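# Fold and contact review
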Amino acid sequence: MKNPYLPIEAVIKDIRLETNTIKTFRIRPKEAIDFKTGQFVQLSVPGFGEAPFTPSSNPANKDEMEITIMKAGKITSILDEISSGESLGIRGPFGKGYPIEEFKGKEILIVGGGVGLAPLRSLLFTLFSCLNDYPKLAIRYGARTPSDIVYKESIPLWQKKDKVDFVLTVDIGDATWSGNVGLVTTILKDLPLDCKEAKAVVCGPPIMMKFTTFKLLDQGFKPDNIYLSMEKNMSCGLGKCGHCRLGRFYVCKDGPVLTLDKIKDMPDIWD
Ligand SMILES: Cc1cc2nc3c(=O)[nH]c(=O)nc-3n(C[C@H](O)[C@H](O)[C@H](O)COP(=O)(O)OP(=O)(O)OC[C@H]3O[C@@H](n4cnc5c(N)ncnc54)[C@H](O)[C@@H]3O)c2cc1C
Ligand code: FES
C-alpha cells in the first residue's frame, strides 16, 4: 500500500501573479493526482515543511493542478520566492470536498472572500461543466481593494455565462474602480434565488465567513444548506493526529467543507 505521508514530486510549470501577495502555481505531479473539487492537498517545500491548500483548477484536468496561494507565514513566504522549474512535494487529496450530488437541481449561491475564491474556482469549473443541472448560479465575491481581486481575467468571462449572476465588491475603492464598494455582506441582499431552498457555499477568511453566514440566515437560508470551508491547522491530513479537531469532527477527514447545522454549536468555529 502507498505510504500516505510520502509526498509525490511535482514540478512547477508556471507561476501567475494574481495580486501583490497571491500567486497561482501550475504544477505537474510525477503521478497524476485525482482530486474532487473542494478536497485539499498538503504541499511541501523540500527541507522546510508543508501546508494545506485546496486546488483552484478544474478537477477534470488530471495531469496538472493549479493552486492559488496567499503569502501568510513561513511556508507561503518561501513559495512566494520560488521559480518555475523547481520541484515541490505533494500528498493527498484529503477530505471530502463539495457534495456535488446534493447540489443537483438546486439554485446555488457561491460567496467568496479574498483568496477564498481559489477553492471556489475549482467548484465553478465543475458547475460550469454541467450548468443545465442548476436552475441558477449566483456568485458574490469581495476583495479588500481592486488590486486584491484574484482571477481578474476570468471574472468578466464568468459574468457572461448563461444562468450565472456574478457580482463583486471591494471594501475600499480607488480611482480605477467604478463598481460596488462595501463588504461582501452588502451584496447579499436582493439575491435572485429562493433563499429558503437554495444551497450556499462560502469560503473566505473566518471573519468574512462568520458575517456572511449571519446574513445568509437572515435571508432565509437553512443551516443545512450553508456549506462552509473550515480552515483549521492541519498536520497528517488523515484523521490521525487530531490537530484539526473541531468538536466531534476532524476537519481534514470529515471536511474541510461542513454544513452549518453540524458545527453551529461549537464555540470555536470562527477562530
Ligand atoms: C483545507 C485548507 C485549505 C486551504 N487552502 C488554501 C488555498 O487554496 N490558498 C491559500 O492561500 N491558503 C489556503 N489555506 C491556508 C494555508 O494553509 C495557510 O495560509 C498556510 O498553512 C500558512 O502557512 P505558512 O507556513 O505560510 O504560515 P505560518 O507560518 O504557519 O503562519 C500561520 C499564520 O500566522 C500568521 N503569520 C505568520 N507569520 C506572519 C508574518 N510574518 N506576518 C503576518 N502574519 C504572520 C498568519 O496569520 C498566518 O496565516 C488552506 C488551509 C486549509 C486548512
Ligand atoms: S490533520 Fe491530523 S487529524 Fe486532521
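Cut-offs applied
Residues numbered from 1 in each chain as written. Chains lettered and ligands numbered in written order. Predicted model: local features only at pLDDT ≥ 70, side-chain atom pairs only at ≥ 80, totals over all residues. Near = placed C-beta within 6 Å. Helix = DSSP H or I, 4+ residues; strand = E, 2+ residues; numbered from the N terminus. Nonpolar A, V, L, I, M, F, W, Y, C, P; charged D, E, K, R; others polar. Domains from an automatic or database assignment. Core = buried A, V, L, I, M, F, W, Y, C linked by C-beta atoms within 7 Å. Buried ≥ 20, exposed ≤ 12 C-beta atoms within 10 Å, placed from the backbone. Contact = placed C-beta atoms within 7 Å.

Our next topic: the site of ligand 1. Around ligand 1, the structure places 20 residues, and the nearest of them are Ala-51, Ala-72, Gly-73, Ile-75 and Thr-76. Residue assignment for the shell around ligand 1 shows that the elements contributing at least two residues are strand E4 (49-53), strand E5 (65-70), helix H1 (74-81) and helix H3 (117-128). Considering only residue class, the shell around ligand 1 consists of 13 nonpolar, four polar and three charged. Lining the shell around ligand 1 are residues from two domains, each supplying at least three of them: domain 1 (8-94) and domain 2 (100-229).

Our next topic: the nonpolar core. Counting 68 residues, the largest nonpolar core has Leu-109, Ala-200, Val-201, Val-202 and Leu-228 as the members making the most contacts within it. Looking at which element gives the most residues to this core, the answer is H3, with six residues. Excluding residues within four positions of it along the chain, Val-202 makes contact with Val-111, Met-209, Thr-212, Thr-213, Ile-226, Tyr-227 and Leu-228.

Domain parsing of the chain yields domain 1 (8-94) and domain 2 (100-229). Contact residues are listed per partner, giving 15 residues for domain 1 and 13 residues for domain 2. Per-class residue counts for the side of domain 1 that touches domain 2 are five nonpolar, nine polar and one charged.

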